[in-house]
2 protein chains.
Amino acid sequence: MTSEPDSALHADADRPSRREQILRAAAQLFAERGSRAVGVDDVGAAVGVTGPAIYRHFASKDAMLAEMLVRISERLLAGGAAQVAAAGDDAAAQLRALIAFQVDFALGNPALITVQDRDLGALSDADARRVRQLQRRYVEEWVAVLARLDPPATTATCRARAHAVFGLINSTPHSAGRLDRPAMADLLTRMAEAAARA
Amino acid sequence: MTSEPDSALHADADRPSRREQILRAAAQLFAERGSRAVGVDDVGAAVGVTGPAIYRHFASKDAMLAEMLVRISERLLAGGAAQVAAAGDDAAAQLRALIAFQVDFALGNPALITVQDRDLGALSDADARRVRQLQRRYVEEWVAVLARLDPPATTATCRARAHAVFGLINSTPHSAGRLDRPAMADLLTRMAEAAARA
DNA sequence: CGACCATGTGAACAGCCGTTAACCTCGGGC
DNA sequence: GCCCGAGGTTAACGGCTGTTCACATGGTCG
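## Here's the deal with the protein's contact with DNA strand C
Around DNA strand C, 15 residues are found, and the nearest of them are A:Arg18, A:Thr50, A:Arg56, B:Val40 and B:Tyr55. Counted by atom, the contact set of DNA strand C within 4 Å of the protein is 57% sugar and phosphate. Within the backbone of B:Val40, one N or O atom sits 2.7 Å away from a phosphate oxygen of DNA strand C. Take B:Arg56: an N or O atom from its side chain is 3.4 Å from a base nitrogen of DNA strand C. Its residues assigned to classes, the surface near DNA strand C comprises seven nonpolar, four polar and four charged.

## Some details on the packing of aromatic side chains
In total, this model carries eight aromatic pairs over all chains according to the counting rule given. Seen from their ring centres, B:Phe101 and B:Phe105 are 6.4 Å apart, and the 50° between their planes marks the pair as tilted. Within this pair, B:Phe101 and its partner B:Phe105 are both found in helix H5 (residues 91–108), separated by four residues, close to a single helical turn. With respect to class, B:Phe101 is no different from B:Phe105; both count as buried. Cluster of aromatic residues (ring-pair linked, three or more members): A:Tyr138, A:Trp142 and A:Phe166.

## Comments concerning the interface of chain A and chain B
Between chain A and chain B, the contact holds 27 residues from the first and 27 residues from the second. Of the roughly 2300 Å² buried between chain A and chain B, counting both surfaces, carbon and sulfur atoms make up 73%. At the boundary of chain A with chain B, the tally comes to zero salt bridges. Applying the counting criterion to the chain A and chain B interface returns zero residue pairs in polar contact (both at pLDDT 80 or more). Of all the elements in the fold, those that place two or more residues in the side of chain A that touches chain B are helix H8 (155–170), helix H9 (172–175) and helix H10 (181–197) of chain A. Broken down by element, the residue count for the side of chain A that touches chain B peaks at ten residues, all from H8(A). Among the residues making up the side of chain A that touches chain B, the classes are represented as 15 nonpolar, six polar and six charged.

## Considering the packing of helix H4 (residues 61–86) of chain A against helix H7 (residues 125–149) of chain A
All names here are of chain A. Across the interface, H4 lies against H7 with an axial gap of 9 Å and an inter-helix angle of 20°. Judged by the inter-axis angle, H4 sits roughly parallel to H7. H4 and H7 meet at a crossing whose hand is left-handed. Side by side, H4 and H7 meet where Ala-66, Leu-69, Val-70, Ser-73, Glu-74, Leu-76, Leu-77, Gly-80, Ala-81 and Val-84 of the first sit next to Asp-127, Arg-130, Val-131, Leu-134, Gln-135, Arg-137, Tyr-138, Glu-141 and Val-145 of the second. Among the residues forming the contact of H4 with H7, the class breakdown is eleven nonpolar, three polar and five charged.

Reading guide: rules and limits
Residues numbered from 1 in each chain as written. Chains lettered and ligands numbered in written order. Predicted model: local features only at pLDDT ≥ 70, side-chain atom pairs only at ≥ 80, totals over all residues. Heavy atoms only, no water. Near = heavy atom within 4 Å. Polar contact = N/O pair within 3.5 Å; in protein donor to acceptor, adjacent residues only side chain to side chain. Nonpolar A, V, L, I, M, F, W, Y, C, P; charged D, E, K, R; others polar. Phe/Tyr/Trp six-rings, centres within 6.5 Å; stacked < 30°, edge-to-face > 60°. Helix = DSSP H or I, 4+ residues; strand = E, 2+ residues; numbered from the N terminus. Buried < 20%, exposed > 50% of the residue type's maximum accessible area, 1.4 Å probe, protein only. Contact = heavy atoms within 4.5 Å. Buried area = accessible area lost by both parts, 1.4 Å probe. Salt bridge = Lys/Arg side-chain N within 4 Å of Asp/Glu carboxyl O. Axes fitted to C-alpha atoms, helices over the stretch in contact; angles between N-to-C directions. Parallel < 35°, antiparallel > 145°, perpendicular 65-115°, else oblique. Left-handed = near helix turned anticlockwise from the far one by under 90°.

No statement about biological role is implied by the geometric values presented.
Set out below in structure tokens:
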């Protein structure tokens with residue numbers, strides 16, 4: 001499930017493997033219409049192939065979605081941890097780093113953000129558990145930083161704060177387009193920092 | 001489509017009409033699993049009837065969803081406009097009123113909030129247009145207030161700000177439970193006000 | 001050269017689910 | 001007392017769609 005010779009070798013190459021093409025196209029379609037409303041034929045057509053060809057690369061449509069969501073969660077968790085580690089011991093700097101990271105991710109991968117919190121429910125119990133665990137660990141990264149910034153606050157409060165900030169930043173996909181990316185990044189960053197301390 | 005003798009007469013009575021029961025149960029189920037993953041039989045079972053009985057009250061499953069979303073949008077728009085009107089001429093007070101209103105709505109109707117932005121895509125083009133128009137008018141309510149509070153800001157910026165604040169407040173459903181409602185309301189209100197001006 | 005594996009195709013299957021049809025029942029007005 | 005409409009029920013249809021199957025093809029390696 002975790003080891004894929006393909007993706008390790010040329011995942012983001014100029015000519016990504018069919019597998020990667022499919023995952024990307026599927027993410028886009030899932031974000032637009034919802035995973036349940038997208039047929040296997042649609043995904044195939046998006047990469048110039050018929051529907052059943054998908055099964056040469058994935059065990060099932062659900063497996064596709066599962067891999068997609070697990071990857072996102074892993075990228076977020078790894079990235080978040082890295083940001084905190086790289087920001088030194090200053091909690092304020094850590095928060096800024098986390099926010100910048102999340103803003104960048106959300107603006108750079110609107111489709112993934114959308115799918116992640118819309119289609120989590122479509123996963124099998126086992127897969128959903130796995131994704132939720134990764135998400136929780138990512139949230140804990142934030143909670144730890146927020147707790148250091150506001151010691152008297154309870155953990156529950158910090159968690160709620162973190163979720164609210166996610167909501168703020170991840171709202172991007174719903175309002176995309178009107179502002180160019182740098183301006184949007186700037187605005188979201190300022191808003192998130194203000195909200196995180198309120 | 002808009003006139004319903006039933007709902008006008010005893011919509012929120014102690015014993016709501018079957019229609020209302022169905023709409024409520026459906027909202028709950030749709031929020032939990034997504035409208036596409038919920039069967040007509042599930043909705044029926046939730047109110048103690050069989051699936052096809054639904055068709056005595058709604059033309060189709062889609063019509064159910066449509067009515068649900070239109071109603072939410074209308075409630076938000078009407079409520080928002082009322083809040084602004086009642087807050088007098090002070091833009092800051094208007095913003096506070098809008099935030100309090102949205103926070104209250106989100107905490108009081110988490111299922112509706114979830115369904116509204118997850119299942120909009122499942123509507124027919126005509127219905128989707130109608131809902132989006134109502135939503136846009138509600139957003140404009142916010143944009144007008146935000147513009148008065150920060151005159152140099154462009155309309156696009158204000159719109160982005162409004163969407164971000166919605167994201168912040170509406171994140172509630174995803175993090176519900178850990179904090180009791182008054183505490184959550186307080187936290188979200190403070191965060192939203194801080195974010196709206198950043 | 002020949003065998004093989006990866007990849008793709010079109011056809012067919014199977015199950016789910018929205019919707020309809022035909023039939024029941026009960027409470028209330030002429 | 002009878003009729004009728006509102007609201008339910010069960011059974012059945014029909015389409016959509018995930019998945020599988022049998023078969024083609026083309027590059028690669030022995």
